[in-house]
Amino acid sequence: MAWYKRQRRFFAPVVAWSLTAGCAQGAMPDDQMLAPYGGYDGLSRITATFVERVQKHPRIGRFFQDADGERLSAMLSDQFCDLLGAGCKYSGKKMLDVHRGLSIGTADFNALVEALQEALDAAGVPVAQQNRLLARLAPMHRDVVQR
Ligand code: HEM
């Protein structure tokens, strides 16, 4: 125990560093830029909550019945981090390819955005920061909604 106490000042930052998650494709996210989201770790928790919400959602839950929730959450974390210019490079499928043929309508799109807002609210992300992210997601409507 005495040995650990002596080494603590060295080990504590090493342990904290090794617990910090990186982007899925290996880059390191800029936690300063992601501060309103609680860093990349906070953003990952938000996307996990968001995925849980859409999976249980009465209107759009059916779309996600066979979805790989873990992959979806990881891809969304990187995509949001990328869109916010915070260091990750989105490495998932193209928006048009992944959503093609799902017959997603505007009401489905709006329900998903609302679920994201709820997850951001629950995490205490300020509204101005929420709007920054939502503004970057809005143009994706044309690749996601096909009816
Ligand atoms: C701005 C809006 C949206 C964004 C940014 C988005 C983003 C994504 C991303 C990043 C993936 C994972 C791609 C990959 O696995 O490589 C994905 C998959 C998927 N999305 Fe979306 N999406 C949006 C809207 C929607 C909507 C409105 C629906 C349905 C209501 C939907 C249904 C799905 C489904 C079913 C999958 C496949 C999940 C799986 O099979 O594992 N998405 N989306």
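Residues numbered from 1 in each chain as written. Predicted model: local features only at pLDDT ≥ 70, side-chain atom pairs only at ≥ 80, totals over all residues. Heavy atoms only, no water.

Enquirer: So, the overall build of the protein: which residues are in play, and what are the values?
Expert: Helix and strand counts for the protein stand at seven helices and zero strands. Across the 147 residues that make up the protein, the buried fraction comes to 31%. Here the protein has roughly 9000 Å² of accessible surface; of this, 56% comes from carbon and sulfur atoms. (Helix = DSSP H or I, 4+ residues; strand = E, 2+ residues; numbered from the N terminus. Buried < 20%, exposed > 50% of the residue type's maximum accessible area, 1.4 Å probe, protein only. Areas by Shrake-Rupley, 256 points an atom, 1.4 Å probe, with all protein chains shown as cover.)

Enquirer: Account for the site of the ligand, naming residues and giving values.
Expert: Around the ligand sit 24 residues, and of these F63, D68, R71, K93 and H99 come closest. The contact in question runs from an oxygen atom of the ligand to an N or O atom on the side chain of R71, over 2.6 Å. One of the backbone N or O atoms of K93 is found 2.8 Å from an oxygen atom in the ligand. Looking at the shell around the ligand, the elements that each hand over two or more residues are α3 (69-83), α4 (95-99) and α5 (106-122). The biggest single contributor to the shell around the ligand is α3, with five residues. Broken down by class, the residue content of the shell around the ligand amounts to 17 nonpolar, three polar and four charged. (Near = heavy atom within 4 Å. Polar contact = N/O pair within 3.5 Å; in protein donor to acceptor, adjacent residues only side chain to side chain. Nonpolar A, V, L, I, M, F, W, Y, C, P; charged D, E, K, R; others polar.)

Enquirer: I'd like a rundown of the state of the cysteines, residues and numbers included.
Expert: Under the criterion given, the structure shown has one disulfide. Disulfide pairing is shown between C23 and C88; the S-S distance is 2.1 Å. The S-S bond linking C23 to C88 shows a torsion near -80°; that makes this disulfide left-handed. Note that C23 is positioned in the loop between α1 (2-19) and α2 (39-56) and C88 in the loop between α3 and α4, a separation of 65 residues in sequence. (Disulfide = S-S within 2.5 Å.)

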